[in-house]
Amino acid sequence: MDVVALGELLIDFTDNGVSGQGNPIFEANPGGAPCNVLSCLQKLGHPTAFIGKVGKDSFGKLLEAAVKEQGICTEGLLFDEEVPTTLAFVHTKQDGDRDFSFCRNPGADMMLGKEEVSRELIQSAKIFHFGSLSMTSERAEAATKYAVETAKANGTLVSFDPNLRPPLWKNLQMAKEKIQYGLSQCDILKISDNEVEFMTGEKDIEKGVQELLKEYHIPLVCATMGRDGSKAFCRGSIAIGEPFHSEKTVETTGAGDTFCGCMLHFVLQHGLDGFTQESLQEMLSFANAAACLVTTKKGALRVMPSIKEIEGFRRENG
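Quantities reported herein were computed from a predicted structural model and do not represent experimental measurements. (Residues numbered from 1 in each chain as written. Predicted model: local features only at pLDDT ≥ 70, side-chain atom pairs only at ≥ 80, totals over all residues. Heavy atoms only, no water.)

### A closer look at unusual backbone geometry
Here comes step 1: Going from Asn105 to Pro106, the amide bond is cis rather than trans, its omega being 0 degrees.
Here comes step 2: The topology assignment puts Pro106 in the loop between strand S7 (98-103) and helix H3 (119-123).
Here comes step 3: Unusually for a residue other than glycine, Asn163 sits at a positive phi of about 45 degrees.
Here comes step 4: With respect to the helices and strands, the residue Asn163 is situated in the loop between strand S9 (157-161) and helix H5 (172-185).
Here comes step 5: A relative accessible area of 11% places Asn163 in the buried class.
Here comes step 6: Positive phi outside glycine occurs at His217, with the angle close to 55 degrees.
Here comes step 7: In this fold, His217 is placed in the loop between helix H7 (205-216) and strand S11 (220-224). (Helix = DSSP H or I, 4+ residues; strand = E, 2+ residues; numbered from the N terminus. Buried < 20%, exposed > 50% of the residue type's maximum accessible area, 1.4 Å probe, protein only.)

### Description of the packing of helix H9 (residues 277-294) against helix H10 (residues 307-317)
Here comes step 1: Their axes nearest at 9 Å, the elements H9 and H10 cross at an angle of 100 degrees. The pairing of H9 with H10 is recorded here as roughly perpendicular in orientation. Together, Glu282, Ser285, Phe286, Ala289, Ala290, Cys292 and Leu293 of H9 and Ile307, Glu309, Ile310, Glu311, Phe313 and Arg314 of H10 make up the contact between the two elements.
Here comes step 2: The class makeup of the residues in the contact of H9 with H10 is eight nonpolar, one polar and four charged. (Axes fitted to C-alpha atoms, helices over the stretch in contact; angles between N-to-C directions. Parallel < 35°, antiparallel > 145°, perpendicular 65-115°, else oblique. Contact = heavy atoms within 4.5 Å. Nonpolar A, V, L, I, M, F, W, Y, C, P; charged D, E, K, R; others polar.)

### Concerning the pattern of salt bridges
Here comes step 1: Scanning the model with the defined rule gives 16 salt bridges in all.
Here comes step 2: In this structure, the salt-bridge partner of Glu141 is Lys178, at a minimum N-O distance of 3.0 Å. A residue pair is termed long-range when its members are at least 10 positions apart, and Glu141 in helix H4 (residues 138-154) and Lys178 in helix H5 qualify at 37 residues.
Here comes step 3: Its relative accessible area of 16% is what places Lys178 among the buried residues.
Here comes step 4: Among the charged side chains, a network of salt bridges with common partners joins Lys53, Asp80, Glu115, Glu116 and Arg139. (Salt bridge = Lys/Arg side-chain N within 4 Å of Asp/Glu carboxyl O.)

### Regarding the sheet that holds S9
Sheet strands line up and pair through hydrogen bonds in the backbone, either parallel or antiparallel.
Here comes step 1: The nine strands lie next to each other as S5-S4-S1-S8-S9-S10-S11-S12-S13, forming an open sheet whose pairing is mixed. The strands lining the two open edges of the sheet, one partner per strand, are strand S5 (73-80) and strand S13 (237-241). Between one strand axis and the next, the sheet turns through 15 degrees on average, direction left out of account.
Here comes step 2: With respect to the sheet, helix H2 (residues 58-69) is in contact with strand S4 (48-55) and S5, its orientation differing from that of S5 by roughly 175 degrees. (Pairing = 2+ DSSP bridges.)

### Focus: H5
Here comes step 1: End to end, H5 covers 20 Å across 14 residues, agreeing with the expected 20 Å (1.5 Å per residue, within 8%).
Here comes step 2: When we look at burial in H5, the residues that qualify are Ala175, Lys178, Ile179, Tyr181, Gly182, Leu183 and Gln185.
Here comes step 3: Elements in contact with the buried residues of H5: strand S8 (127-131), H4, S9, strand S10 (188-192), helix H6 (193-200) and H7.
Here comes step 4: For H5, the N-terminal capping position is held by Asn171, with its side-chain oxygen 3.2 Å away from the main-chain nitrogen of Gln173. (Expected span 1.5 Å × (residues − 1). Polar contact = N/O pair within 3.5 Å; in protein donor to acceptor, adjacent residues only side chain to side chain.)

Written out as structure tokens, the structure is:
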């Protein structure tokens, strides 16, 4: 495997109009940040595998089918007999940004146990990827840390995306502590502007990232800034990625996950020691274009763009 990810796999219910009775209609889109990242990587030509848990219910079966459909290995996907699949309701604002509501008290993704994590799958990977949401329960946190320890002992690169979702934490201090763990373990970090501010108190992205680099010495950090583009920080070099915009944008679900998948695609191509200023710049342009493209469709896992689509979009909008 090129990349193995562990974490949440869930249903994103997204706005899809209003019924004849005036009730909001929601579309059940397969989602969950780690699997969205893997779906992007599959489209870019990389073999991937997922480790996680869903409920033994109709939504769990739907998710299993969607993941297999993308070509992602489901050897590490388990079914919980008692706890249902996690559901997220994504309310899209006029500017395309989102509010989240969750049915997860608990959800099946929180029930993954340390003993259920496939050591062999992780050892087969070049990169192991995870986020903070698999640490919202003690059981899943133990599984996450076991997976990270296995990856590091194997010499596998560790990738981390905080993916801060405040409603899913008992308190934000706990969220900060778990994100600090991820920062202390990773070789590759994808982090958003609001997460930089949450962790450092800095609204200035560059100052905030420099604080994180000073404390955690992460070899590659990519910071996303929504409509303002992105920045990459790699062993003293800084690159700025200009944003892409589209009039066809319908929602931003999965944009950050798409960016993350593209970032890992370039790491697999160049290695952490092989980046030049030019290749960092190319990575950001490619990832920004792909992230913009995915906002023109609903959902994320099933609609990741291909290399041909991304390059065509760059040519048309560069």
